[in-house]
Amino acid sequence: MKVRSSYWQLLPYLWPQWPLLIRGLACILGFVLFTLAVPYLAGQVAFYLGQGNVNRIAYWLGLATVVFLVRGLCQYGQNVFMIAAALNMVLNLRKRVYAHLHKLGLDYFETTQTGDLTYRLTEDIDRVGEIVDKLSHQFLSNFLQLIAIPIYMLYLNWPLTLAGLILAPLMAWLIGQFGQRLLVLSRQSQNQVSNLSAMLTEVFSGIRVVQAFAAQEYEVKRFNKEAEINRQAKYRALQLKSIQFPVVGFLEAVSIMLLFLLGGWQISQNQLTAQGFISFLAAVALLIQPIDLMISNYNEYKQTEASVERIFELMAKEPSISEKSNAQAMPRVMGKVEYRHVDFAYNPDQPVLKDLCLNASPGDVIALVGSSGAGKSTLINLLLRFYDPQKGQILVDDIDIRDVTLTSLRHQIGIVPQDVTLFSGTIAENIGYGQEKLDISAIQEAAKIANAHSFITQFSQGYHTWVGERGVNLSGGQRQRLAIARAVANDPRILILDEATSALDSESEALVQEALERVMQNRTVFIIAHRLSSVRRADCILVIEQGQVVEAGTHSSLLSQEGRYARFYAQQLYTDE
Ligand SMILES: Nc1ncnc2c1ncn2[C@@H]1O[C@H](COP(=O)(O)OP(=O)(O)OP(=O)(O)O)[C@@H](O)[C@H]1O
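Computed from a prediction, not measured in an experiment: that's the story for all the values here.

A. The arrangement of the overall build of the protein chain in detail. What the protein chain contains, in helices and strands, is 20 helices and 12 strands. Over its C-alpha trace the protein chain gives a radius of gyration of 35 Å, far above what one expects of a compact globule, namely 25 Å for 577 residues. Counting over 577 residues, the protein chain shows a buried share of 31%.

B. Spatial organisation of the packing of helix α2 (residues 18-51) against helix α5 (residues 114-156). Contact geometry of α2 with α5 gives a least axis separation of 9 Å together with a crossing angle of 35°. For α2 against α5, the interelement crossing comes out right-handed. On α5, the residues touching G24, I28, F31, V32, T35, L36 and P39 of α2 are S136, H137, L140, S141, L144, Q145, A148, I149 and Y152.

C. Quick peek at the sheet that holds strand β4 (residues 391-396). Taken together, four strands build an open sheet; the order of strands is β2-β1-β4-β5 and the sheet is antiparallel. Taken across any chain shown, the strands that pair with only one partner, and hence form the sheet edges, are β2 (350-360) and β5 (399-400). In the sheet, strand β1 (residues 337-347) pairs with β2 via seven bridges, with the strands oriented antiparallel. Its bridge partner being in β2, V342 is matched across the sheet by L356.

D. Seen up close, the pairing of strand β10 (residues 524-528). Within β10, five of the five residues are buried, leaving the element largely enclosed by the surrounding structure. Every second residue of β10 is oriented toward a common face, with T524, F526 and I528 on one face and V525 and I527 on the other, all of them buried. Pairing geometry for strand β3 (residues 365-369) and β10, over four bridges, is parallel. What sits directly across from L368, in β10, is I528. Here strand β9 (residues 494-498) pairs with β10 via five bridges, running parallel. Its bridge partner lying in β10, D498 is registered against I528.

E. Structural context of the site of the ligand. Around the ligand sit E110, Y346, V352, G370, S372, G373, A374, G375, K376, S377 and T378, and that is every residue in its neighbourhood. Tallying contributions element by element places helix α11 (residues 376-383) first for the shell around the ligand, with three residues. Tallied by class, residues from the shell around the ligand come to three nonpolar, six polar and two charged.

F. Geometry of the UniProt feature "transmembrane region" (unreviewed entry) in the protein chain. Those places that UniProt annotates as "transmembrane region" (unreviewed entry) correspond, in this numbering, to residues 20-42, 54-70, 162-184, 243-265 and 277-295. Across residues 54-70, helical content stands at 100% and strand content at 0%; the span's end C-alpha atoms are separated by 24 Å. Along residues 243-265, the helical share is 100% and the strand share 0%, with 34 Å between the first and last C-alpha atoms.

G. Structural detail: the nonpolar core. Of all hydrophobic cores here, the largest spans 69 residues; its most connected members are A367, L368, I484, A485 and I527. Here the element with the most residues in this core is helix α16 (residues 476-488); it accounts for six residues. If we ignore the near neighbours within four places in the chain, the residues touching I484 are V416, A450, A515, L516 and V519. Grouped together as the second largest cluster of nonpolar side chains are 25 residues, L20, I28, F31 and C74 included.

H. The UniProt feature "domain: ABC transmembrane type-1" (unreviewed entry) in the protein chain, seen in detail. The sites that carry the UniProt feature "domain: ABC transmembrane type-1" (unreviewed entry) are, in the present numbering, residues 24-303. From the first C-alpha to the last, residues 24-303 spans 25 Å; its make-up is 93% helix and 0% strand.

I. Broad picture of unusual backbone geometry. Residue R385 is not a glycine yet carries a positive backbone phi of 55°. Position of R385 relative to the elements: it lies in the loop between α11 and β4.

J. Layout of the packing of helix α9 (residues 216-268) against helix α10 (residues 274-315). Their axes nearest at 12 Å, the elements α9 and α10 cross at an angle of 165°. When the interaxial angle is binned, α9 and α10 end up roughly antiparallel. The two elements α9 and α10 meet at a crossing, and its hand is right-handed. Contacts between α9 and α10 pair K241, V248, E252, I256, L259, G263 and I267 from the former with A274, F277, V284, I288, I295 and N299 from the latter. By residue class, the composition of the contact of α9 with α10 is nine nonpolar, two polar and two charged.

K. Layout of the domain arrangement of the protein chain. With domains assigned, the protein chain is organised as domain 1 (7-315) and domain 2 (420-491). One C-alpha centre belongs to domain 1, the other to domain 2; they are set 50 Å apart.

L. Layout of the sheet that holds strand β12 (residues 548-553). Taken together, six strands build an open sheet; the order of strands is β6-β9-β10-β3-β11-β12 and the sheet is mixed. In this open sheet, the two strands that pair with only one neighbour each are β6 (413-416) and β12. The mean angle between the axes of side-by-side strands here comes to 20°, regardless of whether they run parallel or antiparallel. Packed on one face of the sheet, α16 meets β6 and β9 and runs near 175° to β6.

M. Broad picture of the pairing of β3. Counted residue by residue, β3 has five buried out of five residues, so it is predominantly covered. The alternating pattern of β3 places V365, A367 and V369 and I366 and L368 on opposite faces, both of which are buried.

N. Region of the structure containing the environment of Y387. Here Y387 lies in the loop between α11 and β4. Sequence-wise, Y387 and D107 are 280 residues apart; in three dimensions their C-alpha atoms are separated by 7.9 Å. What Y387 contacts, discounting residues up to four positions off in sequence, is D107, F344, N381 and L382.

O. Structural detail: helix α17 (residues 506-520). In this model, α17 (15 residues) spans 21 Å end to end at C-alpha, consistent with the 21 Å of a helix rising 1.5 Å per residue. Along α17, the residues classified as buried are L511, V512, A515, L516 and V519. Axial view of α17: buried residues confined to an arc of 135°, hence all on one face. Opposite its buried face, α17 presents the exposed residues S506, E507, E514 and E517, each directed more than 90 degrees away. Packing partners of the buried residues in α17 comprise α14 (440-449), α16 and β9.

P. Geometry of helix α6 (residues 158-165). For α6, the full list of buried residues reads L160, T161 and G164. Seen end-on, α6 carries its buried residues on one side only, within an arc spanning 100°. Tucked inside the fold, the buried residues of α6 contact α5, α9 and α10.

Q. Highlighting the environment of V369. Position of V369 relative to the elements: it lies in strand β3. In this structure the C-alpha to C-alpha distance between V369 and Y13, which are 356 residues apart in sequence, comes to 51 Å. Residue contacts for V369: discarding those within four places in its chain leaves A529, V535, I541, V543, Y565 and F568.

Thresholds applied
Residues numbered from 1 in each chain as written. Predicted model: local features only at pLDDT ≥ 70, side-chain atom pairs only at ≥ 80, totals over all residues. Helix = DSSP H or I, 4+ residues; strand = E, 2+ residues; numbered from the N terminus. Rg over C-alpha atoms; globule rule 2.2 N^0.38 Å. Buried ≥ 20, exposed ≤ 12 C-beta atoms within 10 Å, placed from the backbone. Axes fitted to C-alpha atoms, helices over the stretch in contact; angles between N-to-C directions. Left-handed = near helix turned anticlockwise from the far one by under 90°. Contact = placed C-beta atoms within 7 Å. Pairing = 2+ DSSP bridges. Near = placed C-beta within 6 Å. Nonpolar A, V, L, I, M, F, W, Y, C, P; charged D, E, K, R; others polar. UniProt positions renumbered as here; feature names shortened; annotations may be inferred. Core = buried A, V, L, I, M, F, W, Y, C linked by C-beta atoms within 7 Å. Parallel < 35°, antiparallel > 145°, perpendicular 65-115°, else oblique. Domains from an automatic or database assignment. Expected span 1.5 Å × (residues − 1). Arc of directions from axis to C-beta.

Now the structure itself:
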């Protein structure tokens, strides 16, 4: 969805900073007022210089020193207060965007590149912070100076002022045109950098595949190509800025030459004194810096507009799964699960589950078997409410899962996924993942059930051993046992086992199997089964084909039916031999 670009969207994040903004504003006003005193002081010094009156010169220079000191203090104040306000705003924005992303469903993350999200949350938000800081102190202060100084100049000598400002509308128009073009180039450049970041995240997280396929050179070439496109996009923006400054600088020079011409004529006509002209020129000199800063601020403002758009594009995404306003926390369940005539499709024209019915009593072990793509994982995705069915209902302990809060539902369900993800942190933190305060005894208990306690305690730092990136290397079996411990750390009544397809050595396999047998006791268990051993002991085997339960029963009853399951079983036995 395209979001209308607007800095106004930042206001709700900026206004809570009003105490800092007011202090900053007071300092800006002070800075501008004391800046205005400078041309007046220059005029006085010039006057007494003409008379050679050293005492008066010293008096006015003394006053000027005080003015510069106070002006410097105000400048310091405007910087620190506005920087603090901008950084607080960035922090709020970053927290809100991150929390918002966590409200979005799995469907969003499955279609979005991680690197792109990371870039928006870091670089784009930082850019917005920088421009808000600049706009709040530099822009406001410069803007006030650009209003106040010409007013003072008009008071000093209006014909000279008009002559000096005659080219100002042309300059403003040119700056506006450059700004629009910069916005377009920045959009391209920011999207380009985001693509680069997305590509890097993908490559580094898949580095095993890259190396296994000896594809380093291929990846380097792909990177070089993207980096070159990135350079071109950046170069076009910088080239545009390089044209802008000489053009505007030339117009500034023409304006100043016009002043000299008119000033010289006024002096020749005795309408202006040399002291008056020096005072006027001091005011003009004060204008140059704010004009230049305003131009570069405006350029950055337009460039950063692309980042603001990219951030609020994320905030505009609606979660596909939402809680009802009156959703209650699900009480601790017994573990009864029922699917009632469930229809589901990821894409409207490709039905995945069709009129699916299923009943599991507390403590049942249900094995889901079927060919690849039959819909086994989808069935589980619906129980966790990663997606909602288009038709039908799913009930846990006779409560429709759409009537309860997502957190309370997901806390009732433990998962042992096929691929184990360990986060950077200690073993204890990984087992107790998501717990704000770790319950060490519960974590140890879970690790014992999962056959993980003994290998964990062999590490010199035990449960405090660091795992994840830059942590200790764990074997496939050890990782699986940690995953099993994590799944049962909350003691859930419902457990989902997505059996790992990759083979473990027989000792590891036995330890994992033993752990699984233990954690399955007194829980309702759904096994996405790949191994015959787990299928055989299931209370009910559901054979899923094209989104429907085509056979259901125990191992022996299904074998005697001599249907699809019997064929599937025979095929597996044959493959295993
Ligand atoms: N996020 C998704 N978006 C669109 N289609 C999807 C998505 N996930 C799965 N599918 C499709 O839904 C169908 C069922 O997939 P599902 O993963 O549930 O099958 P499965 O039985 O678990 O397969 P496998 O045993 O290979 O894991 C497949 O056709 C698959 O391509």
